[in-house]
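Structural overview
Spelled out from the first residue to the last, the chains are:
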Amino acid sequence: MRAIEVTDVFKTYRTRSGSVEALKGVSLHVEKGDIFGVIGHSGSGKSTLIRCINRLEKFDRGSIFVGGSDLMSLSEKELRQKRQKIGMIFQQFHLLRNDSVYGNVLLPLTYAGSGKAAAAEKADRLLTRVGLREKRGAYPSQLSGGQQQRVAIARALANDPEILLCDEATSALDPDTTHSILALLKELNQELQLTVLIITHEMAVVKDICSNVAVLDGGKIVEQGKTLEMFTNPRHSVTKQFANSLFEQDKIKEVLLGEYVKKVIGSGGLVARLIFKGEKANDALISDVSRRFGIDASIIFGNIEIIQSQPLGNLYVAFSGPADRIAEAVDYAAAQGVLVQRVAENAERR
Amino acid sequence: MFSAFDFILDFVKPFFPNVAQYWARVVKAIVETLEMVSVSFGFVAVLGVALGIVLVVISEGHLYENKILNTVVPRLVNLFRSIPFVILVAFILPFTRFMVGTAVGVPGAIVPIVVAMVPFVARQVELALLEVNRGVIDMALSLGFSKPYIVFRILLKEARSGIVRALTLSSISLVGYSAMAGVVGGGGIGDLAIRYGYARFMSDITLLSLLLLLGIVFFLQGIGNFVLERLGT
Ligand SMILES: Nc1ncnc2c1ncn2[C@@H]1O[C@H](COP(=O)(O)OP(=O)(O)OP(=O)(O)O)[C@@H](O)[C@H]1O
Ligand SMILES: [Mg+2]
């Protein structure tokens, strides 16, 4: 049984000023214990999708099963019980400002009817788990954004949910805080076998913790798969955009217009982008190729990203030397399992 | 009750000759005003907050979204808010009789005051409730809370300082209405000022009435501020 099964979901918002098709046949499956990311630009329908999954939003067509039960067939009461098993955290945290940190975490416990002592003990344990025990008496306005999100996470976990939905949960936070919150989510995922569905517009989030990712664009999933695969070899243009943002691809444009690249190309050379996956992400190959084929290979731009604790190398290499040797070298690199894209070369060579 | 005010009498005698002469009437007026204000406030607070909640929750996309109610109720509220108070008093006279059996005296005044004030308070409370971020409601729904629980435990508590501010403001307007209601048969300080101060040119009574009403207003504002401070806002 999958944790979340979304099949062909359509959702149109109808307002006085017209209607907006927010979801146009979205399907995705999230396995139990997975950390699944949905990435998309603003307005692509991410929030709508995640809100359908705990039915904060009704959808028009399609089906959503969560933990094996059909969301559309639940009665009001069953839906409320189901929601207790689907935690959710938000970009704006949404803590109750007139309740203390402790009060915020206690609320779902008392609502669920846990005994006073048991509820107090559990709230304490949850706050300790997110590292905020000493702040239990503070009020939300006295906390930093990261601390507030930790409280919200503790609150969302109060009813021992099987699934945690995160709607841009780190978008209001700085990169360091984002990283620490994501690390916490990852830990919780492993400790509690918690399934986590994250929606975001930030590559950094997906790259950090999502093992699978779906790209949402214009209310449709345009591509989905394993995170590492998706961003090594993106097919859809939107996926490519996100992948490029990961590799700071915009910077390469300047480099490619530089004098050095012109000189290399002018003398019959070639600039290629080499993408190394996993353990191949080291540049020993470059010197190997250089020696083996007697050509010059210099790295003009590059970075190595860690995706899902696997290195992913992205190198722009300028090869200069006899054209046939360069061609052999490129074939050789490709044969080693490196993805090679020709980026710039002398027009006559084509 | 009357004797409690007697020691004030010795103090005011030299400055307010007429006040001294009609002291019993003055004390009665004070008591009537306090009755009108406190009893109406009780009703206004409960009904106003309730109607305020209704206005919010029936609105589009809210917990108890209801198209029909949402076209009718806000219009009714606006209608009652736009009727001038003196006209309203006359207009609802049969209703007043039906409710309290009389159209004069303190009970006769309380009914129109409540009818006039409830829509006013309801709008203020509505504004206070609307200040609560919509996301807070989504959060509460996502935790599986029931709608009544969300309204009473979350919405009201999150909006409480706004509601206290609304109630303070309306208790002050209520003093003004009680003065007007007095004129149309309710008694109280307003009645005193018109009948003695104005009609019989006893300007010391007018002045005293003014001071008394101001005193009540400051007192109410003070309570409001005190409560807000206790709530930590
Ligand atoms: N309550 C609503 N009423 C009408 N239209 C809506 C509503 N909520 C969202 N939309 C529209 O649906 C589309 C998808 O919105 P959604 O909020 O799901 O996007 P998103 O991917 O979460 O964007 P963002 O990254 O900006 O949060 C948008 O065009 C938006 O204008
Ligand atoms: Mg969104």
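If you're wondering where the values come from, they're calculated on a predicted model, not measured in any experiment. All residue numbers refer to positions counted from 1 along the written sequence of the respective chain. For this description, chains carry letters from A and ligands carry numbers from 1, given in the order in which they are written. Totals for whole chains, interfaces and linings use all residues, but because this is a predicted model, local features are given only for residues with pLDDT of at least 70 and pairs of side-chain atoms are given and counted only at 80 or more. Only hydrogens and water are set aside when side-chain values are computed; all heavy atoms of the structure are taken into account.

**Thoughts on the overall build of chain A**
Runs of H or I in DSSP of at least four residues are treated as helices and runs of E of at least two as strands, each being numbered from the N terminus. The helix and strand tally for chain A stands at 13 helices and 14 strands. Dimensions along the principal axes, computed over C-alpha positions, put chain A at roughly 80 × 45 × 40 Å. Under the scheme applied here, a residue whose accessible area is under 20% of the maximum for its type counts as buried, over 50% as exposed, and between as partly exposed, the area being computed with a 1.4 Å probe on protein chains only. Residue burial in chain A is summarised as follows: out of 350 residues, 52% are buried. Residues count as neighbours in contact if any of their non-hydrogen atoms are within 4.5 Å of one another. Nonlocal contacts in chain A, meaning residues at least 24 apart in sequence, comprise 70% of its contacts between residues at least 6 apart. A total of about 15700 Å² of accessible surface is found on chain A, and carbon and sulfur atoms cover 48% of it. Counting 45 positive and 41 negative side-chain charges, chain A places the averaged centre of each group 5 Å from the other. Note that accessible areas follow from Shrake-Rupley with a 1.4 Å probe, and for residues the cover is restricted to the protein chains shown. Residues counted as positive are Lys and Arg, residues counted as negative are Asp and Glu, and His and the chain ends are not counted. For this purpose, a charge sits on NZ of Lys, CZ of Arg, CG of Asp or CD of Glu.

**Details of the overall build of chain B**
The helix and strand inventory of chain B stands at 12 helices and 0 strands. Taken from N to C terminus, the helices and strands of chain B fall in the order α-α-α-α-α-α-α-α-α-α-α-α. Considered along the principal axes of its C-alpha atoms, chain B spans approximately 70 × 40 × 25 Å. Going through the 233 residues of chain B one by one, you find that 49% of them count as buried. Here chain B displays about 11600 Å² of accessible surface, and carbon together with sulfur accounts for 70% of that area.

**Observations concerning the interface of chain B and chain A**
Facing 19 residues of chain B, the contacting portion of chain A comprises 23 residues. Defined in terms of a 1.4 Å probe, buried area is the accessible area two parts forfeit on being brought together, summed over both. Across the chain B to chain A interface the summed buried area is about 2000 Å²; carbon plus sulfur atoms make up 53%. We define a salt bridge as a side-chain nitrogen of Lys or Arg found within 4 Å of a carboxyl oxygen belonging to Asp or Glu. Put simply, chain B and chain A have 5 salt bridges between them. Whenever a nitrogen or oxygen atom comes within 3.5 Å of another N or O atom, the pair is scored as a polar contact, on the condition that within protein one atom can donate a hydrogen and the other can accept it, and that pairs from neighbouring residues in sequence are kept only if both atoms are in side chains. Summed over the shared surface of chain B and chain A, the result is 8 residue pairs in polar contact (both at pLDDT 80 or more).

**Quick look at the environment of T48(A)**
Residue and element names in this part refer to chain A. As for its placement among the helices and strands, T48 is situated in helix α1 (residues 46-53). Take T48: its relative accessible area is 8%, and that puts it in the buried class. Between the alpha carbons of T48 and F242 there is a distance of 21 Å; along the sequence they are 194 residues apart. Excluding anything up to four places from it in sequence, T48 contacts K11, Y13, A22 and L23. At 3.1 Å, the side chain of T48 and the side chain of Y13 are in polar contact.

**A word on the side chain of R51(A)**
Structurally, R51(A) can be placed in helix α1. R51(A) gets classed as buried once you look at its relative accessible area, which sits at 16%. With residues up to four places along the chain from it excluded, the contact list for R51(A) reads L56(A), E57(A), M88(A) and D138(B).

**Examining the sheet that holds strand β1 (residues 4-15) of chain A**
All names here are of chain A. A pair of strands is treated as paired once DSSP finds two or more bridges between them. Read from one edge of the open sheet, 4 strands run β2-β1-β4-β5, paired in antiparallel fashion. Single-partner strands in this sheet number two, and they are β2 (18-30) and β5 (69-70). Sheet topology places β1 next to strand β4 (residues 61-66); 5 bridges connect them, and they run antiparallel. From the neighbouring strand, E5 faces β4, where its bridge partner is F65. Along the sheet face, α1 touches β1, β2 and β4 and points at about 60° away from the line of β2. Here an axis means a line fitted to C-alpha atoms, over the contact stretch when the element is a helix, while the angle between two N-to-C directions is reported on a 0 to 180 degree scale.

**Notes on the site of ligand 1**
Residues and elements named next belong to chain A. Taken together, 13 residues form the shell around ligand 1, and within it S42, G43, K46, S47 and T48 come nearest. A distance of 2.8 Å separates an oxygen atom of ligand 1 from a polar atom in the side chain of K46. With respect to ligand 1, the side chain of S47 contributes an N or O atom lying 2.7 Å from an oxygen atom. The fraction of the free accessible surface of ligand 1 (630 Å²) that becomes covered by protein chains is 61%. Of all the elements, α1 adds the most residues to the shell around ligand 1, at 3 residues. Three classes are used, and their members are as follows: Ala, Val, Leu, Ile, Met, Phe, Trp, Tyr, Cys and Pro are nonpolar, Asp, Glu, Lys and Arg are charged, and the others, Gly among them, are polar. Partitioning the shell around ligand 1 into residue classes produces 3 nonpolar, 8 polar and 2 charged. Only heavy atoms are used to decide nearness, and a residue is near a molecule or strand if one of them lies within 4 Å of it.

**Quick look at the environment of E191(A)**
By secondary structure assignment, the location of E191(A) is in helix α6 (residues 175-192). Within polar-contact distance, the side chain of E191(A) engages the side chain of R129(A) at 2.6 Å.

**Topic: the sheet that holds strand β9 (residues 212-217) of chain A**
In any sheet, the strands associate via hydrogen bonds between backbone groups, in a parallel or an antiparallel arrangement. All names here are of chain A. On the basis of which strands lie adjacent, the open sheet formed by 6 strands has the order β6-β7-β8-β3-β9-β10 and mixed pairing. The sheet terminates laterally at β6 (86-90) and β10 (220-226), the two strands that pair on one side only. Going across the sheet, the axis of each strand differs from the next one's by a mean of 15°, ignoring polarity.

**Considerations on the confidence of the model for chain B**
On average, chain B scores 89 in pLDDT, and the residues at 70 or more come to 97%. For this predicted complex, the interface score ipTM comes out at 0.83, alongside a pTM of 0.85. Every residue is assigned a pLDDT by the predictor, reflecting its confidence on a scale from 0 to 100.

**A word on unusual backbone geometry**
A positive phi angle, near 50°, is found at D160(A), a position not held by glycine. By the secondary structure assignment, D160(A) is in the loop between α5 (145-156) and β7 (163-167). Positive phi, close to 55°, is recorded for F201(B), a residue that is not glycine. Here F201(B) is to be found in the loop between α11 (188-198) and α12 (203-231). For F201(B), a relative accessible area of 73% translates into the label exposed.

**What about helix α11 (residues 259-266) of chain A?**
Residues and elements named next belong to chain A. Every buried residue of α11 is accounted for by V261, V264 and I265. Down the axis of α11, the smallest arc covering the buried residues is 95°, so these residues share one side. Turned more than 90 degrees from where α11 packs its buried face, E259, K262, K263 and G266 sit exposed. Immediately downstream of α11, the backbone of G268 shows phi near 85°, a positive value. What the arc measures is the spread of directions leading from the helix axis to the C-beta atoms.

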